[in-house]
Amino acid sequence: MNTVKSWVIGTLFALALGSAGCSTPSSPTPQPPPPPTAGPPLLSCGEGVSRATVDATGVAVSFDLPPVTAGEGTVTVTCTPASGENFPIGTTSVTCKATDSLSRTAECAFPVTVSKLAQLSRTKYLAFGDSITAGEVTFPIGSQSHGAGTITKQVVVPGADYPSVLQRTLQGRYSSQSSSISVTNSGLGGEKAINARDRFFAALNNVRPEVVLLWHGHNDIPGGLDGAASGAASEMRIMVSEARNRGMRVFVATMLPPRPNGNRTISQVFIDDYNNRMRDLAAREGAVLVDMYAALLPEVTRYIGVDGLHPTEAGYVKIADIFFQAIQSNFEVR
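The model shown is predicted, which means the values in this text are computed figures rather than measured ones. (Residues numbered from 1 in each chain as written. Predicted model: local features only at pLDDT ≥ 70, side-chain atom pairs only at ≥ 80, totals over all residues. Heavy atoms only, no water.)

Draft legend 1. Highlighting the pattern of salt bridges. Counted according to the given criterion, the structure contains 13 salt bridges. One salt bridge in this structure joins aspartate 273 and arginine 277, with 2.8 Å as the shortest N-O distance. Of the two residues, aspartate 273 and arginine 277 both sit in helix α6 (residues 268-285), 4 residues apart, roughly one turn of that helix. Here the salt bridges do not stand alone but share partners, grouping Arg237, Asp280, Arg284 and Glu285 into one network. (Salt bridge = Lys/Arg side-chain N within 4 Å of Asp/Glu carboxyl O. Helix = DSSP H or I, 4+ residues; strand = E, 2+ residues; numbered from the N terminus.)

Draft legend 2. Representation of the nonpolar core. Leu170, Trp215, Phe251 and Phe323 are the most contacted members of the largest nonpolar core, which has 68 residues in total. Of all the elements, helix α9 (residues 313-331) adds the most residues to this core, at 9 residues. With residues up to four places along the chain from it excluded, the contact list for phenylalanine 251 reads Val211, Val212, Leu213, Leu214, Val288, Val290, Phe323, Ala326, Ile327, Asn330 and Phe331. Among the nonpolar cores identified, the runner-up in size contains 16 residues, and Cys79, Phe87, Cys108 and Val112 belong to it. (Core = buried A, V, L, I, M, F, W, Y, C linked by side-chain atoms within 4.5 Å. Buried < 20%, exposed > 50% of the residue type's maximum accessible area, 1.4 Å probe, protein only. Contact = heavy atoms within 4.5 Å.)

Draft legend 3. Structural detail: the sheet that holds strand β2 (residues 49-53). Across the sheet, 4 strands lie side by side as β2-β8-β7-β5; this open sheet has mixed pairing. Edge positions in the sheet fall to β2 and β5 (76-80), since each has one partner strand and no second. If you compare each strand with its neighbour and ignore which way they point, the axes differ by 25 degrees on average. Where strand β7 (residues 90-99) and strand β8 (residues 105-116) come together, 10 bridges link them in antiparallel fashion. From the neighbouring strand, threonine 91 faces β8, where its bridge partner is threonine 113. (Pairing = 2+ DSSP bridges. Axes fitted to C-alpha atoms, helices over the stretch in contact; angles between N-to-C directions.)

Draft legend 4. Representation of the packing of helix α3 (residues 162-173) against α9 in the model. It is the contact of α3 with α9, at a shortest axis distance of 8 Å, that shows an interaxial angle of 50 degrees. The angle between α3 and α9 falls in the class oblique. For the pair α3 and α9, the sense of crossing is right-handed. Contact residues: α3 offers Tyr162, Val165, Leu166, Thr169, Leu170 and Arg173, while α9 offers Tyr316, Val317, Ile319, Ala320, Phe323, Phe324, Ile327 and Gln328. In the contact of α3 with α9, the residues fall into 11 nonpolar, 2 polar and 1 charged. (Parallel < 35°, antiparallel > 145°, perpendicular 65-115°, else oblique. Left-handed = near helix turned anticlockwise from the far one by under 90°. Nonpolar A, V, L, I, M, F, W, Y, C, P; charged D, E, K, R; others polar.)

Draft legend 5. Fine view of the sheet that holds strand β14 (residues 211-215). Reading across the sheet, the 5 strands line up as β13-β10-β14-β15-β16 and stay open at both edges, with parallel pairing between neighbours. The sheet is open, and its two edges are formed by β13 (182-187) and β16 (288-290), each paired on a single side. Across the sheet, the mean angle separating the axes of adjacent strands is 20 degrees when strand polarity is ignored. Contacting β10 (124-129), β13 and β14, α3 crosses the sheet at an angle of about 175 degrees to β13. Where α9 meets the sheet, its contacts fall on β10, β14, β15 (249-253) and β16, and the angle it forms with β15 comes to roughly 145 degrees.

Draft legend 6. Structural context of the pairing of β14. Most of β14 is tucked away, with 5 of its 5 residues classed as buried. Here β14 shows no split at all, with Val211, Leu213 and Trp215 on one side and Val212 and Leu214 on the other all buried. In this sheet, β14 lies alongside β10 in parallel orientation, the contact comprising 5 bridges. By the bridge assignment for β14, leucine 126 is matched with valine 212. Here β14 runs beside β15; their pairing, made up of 4 bridges, is parallel. The residue bridging leucine 214 from the neighbouring strand is valine 252, located in β15. Of the crossover connections in this fold, the one passing from β14 over helix α5 (residues 225-245) to the parallel β15 is right-handed. (Right-handed = clockwise from strand over helix to strand, strands pointing away.)

Draft legend 7. Highlighting the state of the cysteines. One pass over the structure, following the stated rule, counts 2 disulfides. Between the sulfur atoms of cysteine 45 and its disulfide partner cysteine 108 the distance amounts to 1.9 Å. Where cysteine 45 bonds to cysteine 108 through sulfur, the torsion about that S-S bond is close to 65 degrees, and the disulfide is right-handed. Remark: cysteine 108 occurs in strand β8 and cysteine 45 occurs in the loop between β1 (42-43) and β2; sequence separation between them is 63 residues. (Disulfide = S-S within 2.5 Å.)

Listed below in structure tokens is the structure:
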């Protein structure tokens with residue numbers, strides 16, 4: 001009897017246990033996969049930065065950090081030398097480095113080039129002379145002819161005179177000094193060198209130039225060699241000496257080559273004689289000789305007008321360029 005009772009009790013207990021554990025267990029909620037890790041950073045430097053300065057020690061240069069792509073988390077970019085630092089004259093390599101939150105890095109480099117602007121040691125000029133300094137351009141009057149050539153008239157074309165062209169050229173080349181560069185035109189048509197001394201001294205007093213561009217004698221030398229030409233050369237020597245005594249540098253130009261068949265063409269013998277006098281004057285007085293004759297001779301019909309004496313507008317541009325080269329050679333500072 002006890003055995004049956006125990007069996008019944010055990011069976012009931014087992015059934016109770018079975019009914020308590022018959023429920024189906026729930027499935028776990030699926031988790032999203034972790035995001036993929038970003039690739040290492042990529043840094044892209046540009047072609048470089050260029051600056052110019054008049055300061056021989058260089059200049060502070062600012063630049064944007066190069067753009068970065070990819071990388072994990074926060075990506076920092078640093079450059080050496082840093083933006084805003086002083087860069088010397090020449091080319092400096094800037095190296096930039098990107099670092100992400102996983103300590104992965106990328107590098108690139110670009111050049112910073114600093115150039116020294118050219119400057120002039122002297123910026124105030126006086127151009128003194130006759131109608132060729134004043135800027136007279138020759139035009140033919142119809143088709144009439146007179147004597148050796150066409151009847152002509154001289155006209156001053158505003159802004160075409162060589163001092164004006166020269167000033168624009170100097171200001172363009174030396175832009176950092178443009179406001180202080182001046183070329184004063186003190187040309188007077190028809191004037192002879194033997195009559196120019198007082199006007200020259202007055203111009204020196206009024207302008208107080210650092211450099212004198214002295215070009216005179218075109219109206220003297222047709223009068224002959226040992227009279228008019230020697231007298232003009234003597235006055236030129238006095239003017240050069242006075243300017244140099246005042247601490248001014250002097251440039252002396254030779255006469256222009258004559259264009260054949262002009263009604264004002266000067267004899268080649270007279271021109272050669274006077275130009276030799278100007279070469280001797282420059283050598284003895286320490287002036288800079290500017291050889292206009294040699295520079296314009298190869299294209300004389302382009303640069304000298306139909307009267308045989310006065311330059312064309314192209315001629316004045318050429319003359320300004322020749323003076324510019326002489327000034328650059330003597331006064332440019334880098």
